[in-house]
2 protein chains.
Amino acid sequence: MISGKFAITIHILTLLSKFPDDYLSSDFIAGSMNLHPVLVRKEIANLKKNHIVESKEGKNGGTRLLKSASKITLDAIFKMTFDTVTLGFSKNEPNPDCPVGKQINKNLENLYEDINKTISLQLNDITLEDFSNKF
Amino acid sequence: MISGKFAITIHILTLLSKFPDDYLSSDFIAGSMNLHPVLVRKEIANLKKNHIVESKEGKNGGTRLLKSASKITLDAIFKMTFDTVTLGFSKNEPNPDCPVGKQINKNLENLYEDINKTISLQLNDITLEDFSNKF
DNA sequence: ACATTTGCAATATATTTTATTACAGTATGA
DNA sequence: TCATACTGTAATAAAATATATTGCAAATGT
């Protein structure tokens, strides 16, 4: 539902990792990414659901990391923000009377599943700390 | 600009590989995928540009493979239909005054480039023939 | 000639993403 | 205790993108 989900989430987490002891407001975060604070809060809601961050309401409230950046892999972030990476499906139901049409989506799914496994392996070796250290 | 580009293209190519000696019409192909013939022709135009297929105009015209399915890798199809796979970027320019905002897109690009290399390697080992044999 | 097909551009529709608005609820501190 | 600064969430609007349709010129086989 948000196609920049991964990018937005990793941006948020990078900022949080830079100030691990502070509660950062969605407004402050939104300012760094030039994005509407409501969208930031929507992604933070997702991070909270996954127990990666916690938020404090009210004045001086905000969000901070619940886990050390070295314990958060990019794969975990990937899995939180994507169902799967795909190279796409045709929008319409293919013709079930055609042998190719009948099976194409299943075969594409299998292919994409393999791709996702590879991406996961690759991202599993990179921590938020690694990523954050590049800034 | 067509998000189902890869799926549509591989569907077209699979059909062509099943009838390597016939010229298949865009109408016939569209019928298998329940898609508008104009969109099929649009993807075929792309395939022609890449010298994978040839078309014949006029009555009994259509499209057929120019190369054996065993010589066409999924990586080649991938590269024809995608710029790159990404996990997305935030739509707006990030804040250049923020150290994170300033560099986030470059760092994401690097990450995505690594992912693309992996996907390419993986897809390079699968031919259209392999894919087609699953039907 | 005529039917059938590609090629392509222009336009319209549908879908998905992103942005905005609105407002209730919660903590802080003057 | 009241104003202020936050979060949380839903509803709606706007923008961007993808897909579909229409229309017509040009090519080819019969």
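Note that the structure is a prediction, hence the values are computed from the model and not measured.

Draft legend 1. Looking closely at the interface of chain B and chain A. If you look at the interface, chain B gives 47 residues, while chain A gives 48 residues. Roughly 3,700 Å² is buried in total at the junction of chain B and chain A, and carbon and sulfur atoms are behind 70% of that figure. For the chain B face of the interface with chain A, the top three residues by lost area are Leu 87, Val 100 and Phe 135 of chain B, together amounting to 18%. Run the count over chain B and chain A and you get zero salt bridges. For the interface between chain B and chain A, the tally reads 12 residue pairs in polar contact (both at pLDDT 80 or more). Those elements that provide at least two residues to the side of chain B that touches chain A are helix 1 (5-18), helix 2 (26-33), helix 4 (74-81) and helix 5 (99-124) of chain B.

Draft legend 2. Representation of helix 2 (residues 26-33) of chain A in the model. Along helix 2 of chain A, the positions that sit buried rather than exposed are Ser 26, Ile 29, Ala 30, Ser 32 and Met 33 of chain A. Considered in projection along helix 2 of chain A, the buried side chains sweep an arc of 155° and stay on one side of the axis. For helix 2 of chain A, the elements touching its buried residues are helix 1 (5-18) and helix 3 (37-49) of chain A together with helix 5 of chain B. Positive backbone phi, approximately 60°, marks Asn 34 of chain A, located one or two places after helix 2 of chain A.

Draft legend 3. Here's a closer look at the environment of Leu 111 of chain A. Relative to the helices and strands, Leu 111 of chain A resides in helix 5 (residues 99-124). Its relative accessible area of 7% is what places Leu 111 of chain A among the buried residues. Linking Leu 111 of chain A and Ala 76 of chain A, residues 35 residues apart in sequence, is a C-alpha distance of 21 Å. Look past the residues within four positions of Leu 111 of chain A in its chain and what remains in contact with it is Phe 6, Leu 74, Leu 123 and Ile 126 of chain B.

Draft legend 4. Examining the relation of the copies chain B and chain A more closely. Overlaying chain B with chain A gives an RMSD of 0.1 Å, the required rotation being 180° about an axis along which the chain moves by 0.0 Å. In the structure described here, the two chain copies are related by an operation that fits a two-fold rotation axis. Of the interface residues in chain B, 100% have counterparts in chain A that sit at the interface too, so the contact is made through matching surfaces.

Draft legend 5. Local environment of the side chain of Asn 116 of chain B. Tracing the backbone shows Asn 116 of chain B in helix 5. Judged by relative accessible area, which is 9%, Asn 116 of chain B ranks as buried.

Draft legend 6. Examining the protein's contact with DNA strand C more closely. Taken together, 27 residues are adjacent to DNA strand C, and Ser 3 and Gly 58 of chain A together with Ser 26, Lys 48 and Asn 92 of chain B come closest. Counting only the atoms of DNA strand C that lie within 4 Å of the protein, the sugar and phosphate share comes to 68%. The set of elements that each furnish at least two residues to the surface near DNA strand C consists of helix 3 of chain A together with helix 3 (37-49) and strand 1 (53-56) of chain B. In terms of residue count, helix 3 of chain B provides more of the surface near DNA strand C than any other element does, three residues in total. Partitioned by chemical class, the residues of the surface near DNA strand C number six nonpolar, 12 polar and nine charged.

Draft legend 7. View of the packing of aromatic side chains. Residues and elements named next belong to chain A. If you walk through the whole model with that rule in mind, you get 10 aromatic pairs over all chains. A ring pair is formed by Phe 78 and Phe 82, whose centres lie 5.7 Å apart and whose planes are at 35°; its orientation type is tilted. Ring geometry for Phe 89 against Tyr 112: centres 5.2 Å apart, planes inclined by 70°, an arrangement best described as edge-to-face. Pair noted here: Phe 89 is in the loop between helix 4 (74-81) and helix 5 and Tyr 112 is in helix 5, with a separation of 23 residues, a long-range link.

Draft legend 8. A look at the packing of helix 1 of chain A against helix 3 of chain A. Residue and element names in this part refer to chain A. Axis separation between helix 1 and helix 3 bottoms out at 10 Å; the angle between their running directions is 80°. Taken together, the axis directions place helix 1 and helix 3 in an arrangement best described as roughly perpendicular. Only Val 40, Glu 43, Ile 44, Asn 46 and Leu 47 of helix 3 make contact with helix 1, whose side of the interface consists of Lys 5, Ile 8, Thr 9, Ile 12 and Leu 13.

Draft legend 9. View of the packing of helix 1 of chain B against helix 2 of chain B. Residues and elements named next belong to chain B. Their axes nearest at 10 Å, the elements helix 1 and helix 2 cross at an angle of 115°. Here helix 1 and helix 2 pass one another in a crossing that is right-handed. Two secondary-structure elements touch here, helix 1 through Ile 8, His 11, Ile 12, Leu 15 and Leu 16 and helix 2 through Ile 29, Ser 32 and Met 33. A per-class count over the contact of helix 1 with helix 2 returns six nonpolar, two polar and no charged.

About the thresholds
- Residues numbered from 1 in each chain as written.
- Chains lettered and ligands numbered in written order.
- Predicted model: local features only at pLDDT ≥ 70, side-chain atom pairs only at ≥ 80, totals over all residues.
- Heavy atoms only, no water.
- Contact = heavy atoms within 4.5 Å.
- Buried area = accessible area lost by both parts, 1.4 Å probe.
- Salt bridge = Lys/Arg side-chain N within 4 Å of Asp/Glu carboxyl O.
- Polar contact = N/O pair within 3.5 Å; in protein donor to acceptor, adjacent residues only side chain to side chain.
- Helix = DSSP H or I, 4+ residues; strand = E, 2+ residues; numbered from the N terminus.
- Buried < 20%, exposed > 50% of the residue type's maximum accessible area, 1.4 Å probe, protein only.
- Arc of directions from axis to C-beta.
- Least-squares fit on C-alpha atoms with pLDDT ≥ 70 in both.
- Near = heavy atom within 4 Å.
- Nonpolar A, V, L, I, M, F, W, Y, C, P; charged D, E, K, R; others polar.
- Phe/Tyr/Trp six-rings, centres within 6.5 Å; stacked < 30°, edge-to-face > 60°.
- Axes fitted to C-alpha atoms, helices over the stretch in contact; angles between N-to-C directions.
- Parallel < 35°, antiparallel > 145°, perpendicular 65-115°, else oblique.
- Left-handed = near helix turned anticlockwise from the far one by under 90°.

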